[in-house]
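Structural features, examined
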Number of protein chains: 2
Amino acid sequence: MDEREPVAGPGLLLVLRRGGAAALHEQLEQELREQVRSGRLQSGARLPSSRALAAELGISRGVVLEAYAQLTAEGYLTASQGAPTRVALLASGERERPPVAATSLGARLAHDFDPALPDLAAFPRTDWIRALRTVARDAPLAALGHGDPRGEPGLRDALMAYLARARGAAPEPEHTIVCAGFTQAFAVLCRTLRSRGIDRIAVEAPGYGQHRLVAEAAGLEPIEVAVDEDGLVVDALADSGCEVVVVTPAHQFPTGAVLSSERRAALIEWAEDEDTLIVEDDYDSELRYDRDAVGALQGLAPERVAHIGSVSKRLAPGVRLGWMLAPSWLSGAVTYEKAVADRGAPALDQLALAELIGRGDLDRHLRRMRLRYRTRREALMRAIERSLPGSRADGIAAGLFVPVMLPAFDERAAAAAGVGVHVVEAVGVGEGEDTTMLALGFGNLSERGIADGVAALARAAC
Amino acid sequence: MDEREPVAGPGLLLVLRRGGAAALHEQLEQELREQVRSGRLQSGARLPSSRALAAELGISRGVVLEAYAQLTAEGYLTASQGAPTRVALLASGERERPPVAATSLGARLAHDFDPALPDLAAFPRTDWIRALRTVARDAPLAALGHGDPRGEPGLRDALMAYLARARGAAPEPEHTIVCAGFTQAFAVLCRTLRSRGIDRIAVEAPGYGQHRLVAEAAGLEPIEVAVDEDGLVVDALADSGCEVVVVTPAHQFPTGAVLSSERRAALIEWAEDEDTLIVEDDYDSELRYDRDAVGALQGLAPERVAHIGSVSKRLAPGVRLGWMLAPSWLSGAVTYEKAVADRGAPALDQLALAELIGRGDLDRHLRRMRLRYRTRREALMRAIERSLPGSRADGIAAGLFVPVMLPAFDERAAAAAGVGVHVVEAVGVGEGEDTTMLALGFGNLSERGIADGVAALARAAC
């Protein structure tokens, strides 16, 4: 034995625990892997013979042989007939990972006016678990395998009845694709369009930032089209030359406008005349507090509209379930993209949602929440009037946010004071240079929290 | 009133139900929408006055006015001051949808040797629901909102401990991304690579068809690299000029080979020398029946390997949960692609899986299943020997399928006899021209089902 070559000798410092959860050979393997990875056992180093190591550790030689064989198969060690076992040349500590950067997901906010959040504490946990228990017991075995990439038939049927009733939509289970929330449905649709040669998509300005990000990730160029108090300016859309538009007709984000009936007609006429597609982002349409919600655009022109909705505002974003009602000519291509995206949504969650809809739990929950959100919205309107003189609150009595125009606003000061607000990037015409538009969310704040938050905002930043 | 213009008269045939679940105005709206869509109410047709319709239906005029106003806002009807209400010009039945093609998801198979399925009946429903109930009660509220796109910290921590122990991997929660099964993780990774300028990816031949389809959907060209009895031929990979390869080292699909220790070392050397990336598809590695599973390649070279695993074989595909251990230099980009793909996996499912791992339920389930699958695999080997003379069963004692070489095989006859088999497309060298390779799955069949199925296969198609 050459004294100069590195030897992983008695200094191996292996600690094995008898009677531990892991078998001795597994413990030994894990220890050795760790030492190779960390570089404590150097590349090329010779390991003690199985006999010597077994004696040192007071374990049987078979255990050591088993560990050596395992690590040789995995590439950590090398062994050839008659030669000593060594650390493999490649498994060196030199390739250690760079130090991990500490992640900060943002300091905890004292007041979070997130416009995208419903009341998370109101998520009907008991109903949800009851539904899951029922479907876990009754679900057909096939549902636990690789199902239809469009989603469980039971949910697509339930959605048909529900969306016809609650949204005036014209859903067909055949062309309904269950997705992981709005984002996935839109992402899958954008990729489908991209693969059909579409390269631009009209987005509302101001609009929902995710429209732009998701479209860009799919290789589509977002083209901004103006929004006014009647929603998307359809004449401007026609001038854009885009073949697709994504729009929030029931409650424009973030201006809070409703697409007027004239604009609805004009939008569909545009789609008919130009042979184009409308993507309807129907994110919070059922949360209307002054009257019935305006029905879905899709109901008017099912072959011209890809309608996307989700449970994110109805239940909670963390559930990650949504749906697309696709035009029949597009649904096959969308289904393929969904299949290669993730093969379909989780079966039990889908069936639980079908159960929640079928039992009327979802309707009951929404009725309860509409009352609660209405009260919270009114609390926010009062607080704005009281604490933010010179500001103007806009938008219809709907959804989970109020658009507010502020004559002066200091974004950094708000952040420093722990007040989280959504600042709208591109504000519509007719406002002063210094005007800032916020979309102030109220869904996940108590009435007290709303009043305190607006007061803090006024103190710090307005 | 011009007698020639179409009038939606008393022939409207509206059926409203008093005391039904929906309010009268909602019923009326729904009926009218349906009639406009179906073309029964023609474009431009004049509707009865609210007074006349109310009288005819025996309801209050306010209900009719409410319905008309709603449908006007939605674009189904038009109304201007003093003029009668009409069906909007665009909402015509001419744009009815084409008839829906009947979907056939394949006739039900009498014997389904699906190589991708675990025992679906063995899915631990009780454990899963118990875990869900626990986490639904205890989950932090924030988990129900928009969480970290990489996944819940609780699951990423649980996976770290689990994958280090069970797979000899070197996971870091920071660089672990929870995904909807293998497919999504691979799809997200392929899109990340494509956006970094990669345009080709080496795939095993024969290999897993989904590798090719998902890569192509992301815009990558799959380049075939041969597989032999030691797994991927690394020399051939080097010749391919690809910068990325996707490989199944622990149990090659569909040949059943294990990547030899020499090849493992050569593969990592290739990745180091060429500054390339290895994608490790670790789909069924824990199901090894003759010895301990070979540890993950990722443990040897965490900065060179993107390791992907899932619960699809461990629990059931319908759960749709998987994970990627990304190299640190790639994890930020992968996280962004995951965020624009669907903003993250469902929170409660993730936390339930963490609970299942933490309580040891997953380990117990896998111990039980290894015994069961081992018995089923032996039953399949016996049945092949008995019923398919001249055939050769290959592969290690692992996973959920056995690769079988058949001297003669009639695929259509098998399908006609209701026997579902996975025919391997590109078979390795050294076999006769007429040889067919099947990957016969046994995971979701009873011992009796296996014997009957192989007998039916032999009768019909061999």
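It should be emphasised that the depicted structure is a prediction, and the values quoted were computed from it without experimental measurement. (Residues numbered from 1 in each chain as written. Chains lettered and ligands numbered in written order. Predicted model: local features only at pLDDT ≥ 70, side-chain atom pairs only at ≥ 80, totals over all residues. Heavy atoms only, no water.)

1. Description of the overall build of chain A
Our working rule: The helix count covers DSSP runs of H or I at least four residues long, the strand count covers runs of E at least two residues long, and both are numbered beginning at the N terminus. As defined in this context, the radius of gyration uses C-alpha atoms, and a globule is described by 2.2 Å times the residue total to the power 0.38. For every residue, the accessible area obtained with a 1.4 Å probe (protein chains only) is divided by the maximum for its type, and the residue is called buried under 20%, exposed over 50%, and partly exposed between those limits. The contact criterion used is simple: two residues touch if any of their non-hydrogen atoms lie within 4.5 Å. Surface exposure here means Shrake-Rupley accessible area, sampled with a 1.4 Å probe, where a residue is shielded only by the protein chains that are shown. For this count, His and the chain ends are skipped, Lys and Arg are scored as positive, and Asp and Glu as negative. To locate a charge, take atom NZ for lysine, CZ for arginine, CG for aspartate or CD for glutamate.
Tallying secondary structure elements over chain A gives 14 helices and 16 strands in all. Here the C-alpha radius of gyration of chain A, 30 Å, is well above what a compact globule of 462 residues would show, namely 23 Å. Each principal axis of the C-alpha distribution contributes one length, and for chain A these read about 90 × 55 × 45 Å. Expressed as a percentage of the 462 residues in chain A, the buried residues total 60%. Of all intrachain contacts in chain A linking residues separated by at least 6 positions in sequence, the fraction that spans at least 24 positions is 73%. Accessible surface computed for chain A: about 18300 Å², of which carbon and sulfur atoms make up 49%. Once the 51 positive and 64 negative side-chain charges of chain A are each reduced to a mean point, those two points are 9 Å apart.

2. Remarks on the environment of Ala-461 of chain A
Residue and element names in this part refer to chain A. The topology assignment puts Ala-461 in helix H14 (residues 447-461). For the pair Ala-461 and Val-419, spaced 42 residues apart in sequence, the C-alpha separation works out to 9.3 Å. Excluding anything up to four places from it in sequence, Ala-461 contacts Ala-408, Phe-409, Asp-410, Ala-413 and Ala-414.

3. Comments concerning the packing of aromatic side chains
Residue and element names in this part refer to chain A. Worth spelling out the cut-off: Stacked, edge-to-face and tilted are the three classes for Phe, Tyr and Trp ring pairs, Trp counted by its six-membered ring, which pair at centre distances within 6.5 Å; planes under 30 degrees apart are stacked, over 60 edge-to-face, the rest tilted.
A full pass over the atoms with the stated rule returns twelve aromatic pairs over all chains. Ring geometry for Phe-182 versus Phe-186: centroids 5.4 Å apart, planes at 20°, classification stacked. Of the two residues, Phe-182 and Phe-186 both sit in helix H6 (residues 181-195), four residues apart, roughly one turn of that helix. Members of the aromatic cluster, joined through ring pairs, are Phe-182, Phe-186, Tyr-208, Phe-253, Tyr-283 and Phe-401.

4. A closer look at a negative patch on the surface
Residue and element names in this part refer to chain B. Short version of the rule: Patch members must show over 30% relative accessible area and no salt bridge, and they are joined within 9 Å when carrying like charges or within 5 Å when they are nonpolar side chains of Val, Leu, Ile, Met, Phe, Trp or Tyr. The salt bridge criterion pairs a side-chain nitrogen of Lys or Arg with a carboxyl oxygen of Asp or Glu, the two atoms within 4 Å.
A cluster of acidic residues, Asp-199, Glu-216, Glu-221 and Glu-243, forms a negative patch on the protein surface. When you line up the elements, Glu-243 lands in the loop between helix H8 (234-240) and strand E8 (244-247). Since its relative accessible area comes to 43%, Glu-243 is described here as partly exposed.

5. Structural notes on the pairing of strand E6 (residues 221-228) of chain A
Residue and element names in this part refer to chain A. Just so we agree on the cut-off: Paired strands are those between which DSSP finds at least two bridges. For crossovers, right-handed means that the path from the first strand over the helix to the second runs clockwise, given strands pointing away from the viewer.
Sheet topology note: the strand E5 (residues 200-205)/E6 ladder contains six bridges and is parallel. By the bridge assignment for E6, Ala-202 is matched with Ile-223. You can see the chain leave E5, run along helix H7 (residues 209-217) and come back into E6, and the turn it takes is right-handed. Sheet topology note: the E6/strand E7 (residues 231-232) ladder contains two bridges and is antiparallel. Along E7, the bridge assignment pairs Asp-228 with Gly-231. Connecting E6 to the antiparallel partner E7 that follows it, the hairpin turn spans two residues.

6. A few points about the pattern of salt bridges
Applying the stated criterion across every chain yields a total of 51 salt bridges over all chains. Here Arg-304 of chain A makes a salt bridge to Glu-272 of chain A, at a shortest N to O gap of 3.7 Å. Placement of Arg-304 of chain A in the loop between strand E9 (277-281) and strand E10 (305-310) and of Glu-272 of chain A in helix H9 (residues 261-274) is noted, with a sequence separation of 32 residues between them. Among the salt bridges present, the one from Arg-448 of chain B reaches Asp-452 of chain B, with a minimum N-O distance of 3.2 Å. Here the residue Arg-448 of chain B and the residue Asp-452 of chain B both occupy positions in helix H15 (residues 447-461), the gap between them amounting to four residues, near one helical turn. Residue class for Asp-452 of chain B comes out partly exposed when judged on its relative accessible area of 34%. Salt bridges linked by common partners bring Asp-148, Arg-150, Arg-156 and Glu-174 of chain A together as one network.

7. Focus on the domain arrangement of chain A
When the parts of a complex come together, some accessible area is lost, and that lost area is often used as the size of the interface. In plain terms, the rule: Bear in mind that the domain bounds are from an automatic or database domain assignment.
According to the domain assignment, chain A contains domain 1 (6-87), domain 2 (111-117 + 369-461) and domain 3 (126-359). For domain 1 of chain A and domain 3 of chain A, the distance between their C-alpha centroids amounts to 56 Å.

8. Focus: the sheet that holds E5 of chain A
Residues and elements named next belong to chain A. Note the following rule: Axes here refer to lines fitted to C-alpha atoms; in helices the fit is confined to the stretch in contact. Angles between the N-to-C directions go from 0 to 180 degrees.
If you walk across this open sheet you meet the eight strands as E4-E11-E10-E9-E8-E5-E6-E7, and the pairing is mixed. In this open sheet, the two edge strands, each paired with only one partner strand, are strand E4 (176-179) and E7. Inspection of the sheet shows E9 paired to E10 by four bridges, in the parallel sense. Bridge pairing in E10 links Asp-281 to Ile-308. Each of E6, E7, strand E8 (244-247) and E9 is contacted by H9, which is oriented at about 140° to E9, the strand it contacts most.

9. Remarks on the packing of helix H4 (residues 125-138) of chain A against helix H11 (residues 347-358) of chain A
Residues and elements named next belong to chain A. Just so we agree on the cut-off: Just so you know how the angles are binned, under 35 degrees is roughly parallel, over 145 roughly antiparallel, 65 to 115 roughly perpendicular, and the rest oblique. Left-handed describes a crossing whose near helix is turned anticlockwise from the far helix by less than a right angle; the clockwise case is right-handed. Residues are grouped as follows: nonpolar covers Ala, Val, Leu, Ile, Met, Phe, Trp, Tyr, Cys and Pro; charged covers Asp, Glu, Lys and Arg; every other residue, Gly included, is treated as polar.
It is the contact of H4 with H11, at a shortest axis distance of 8 Å, that shows an interaxial angle of 115°. When the axis of H4 is compared with that of H11, the two are roughly perpendicular. Here H4 runs over H11; the crossing is right-handed. Here Asp-127, Trp-128, Ala-131, Leu-132, Thr-134, Val-135 and Ala-136 of H4 lie close against H11, whose contacting residues are Leu-348, Asp-349, Leu-351, Ala-352, Leu-353, Glu-355 and Leu-356. Here the residues of the contact of H4 with H11 sort into ten nonpolar, one polar and three charged.

10. Here we look at the relation of the copies chain B and chain A
What counts here: Only residues with pLDDT of at least 70 in both copies count here: their C-alpha atoms drive the least-squares fit that superposes the copies.
Of the transformation superimposing chain B on chain A, the axial component is 0.0 Å and the angular component is 180°, with the fit at an RMSD of 0.1 Å. The transformation relating the two chain copies, once decomposed into turn and shift, fits a two-fold axis. Taking C-alpha positions as reference, the residue of chain B nearest the rotation axis is Ile-129 of chain B, located at 3.9 Å. Most of the interface of chain B is mirrored in chain A, where 100% of its interface residues are also at the interface.

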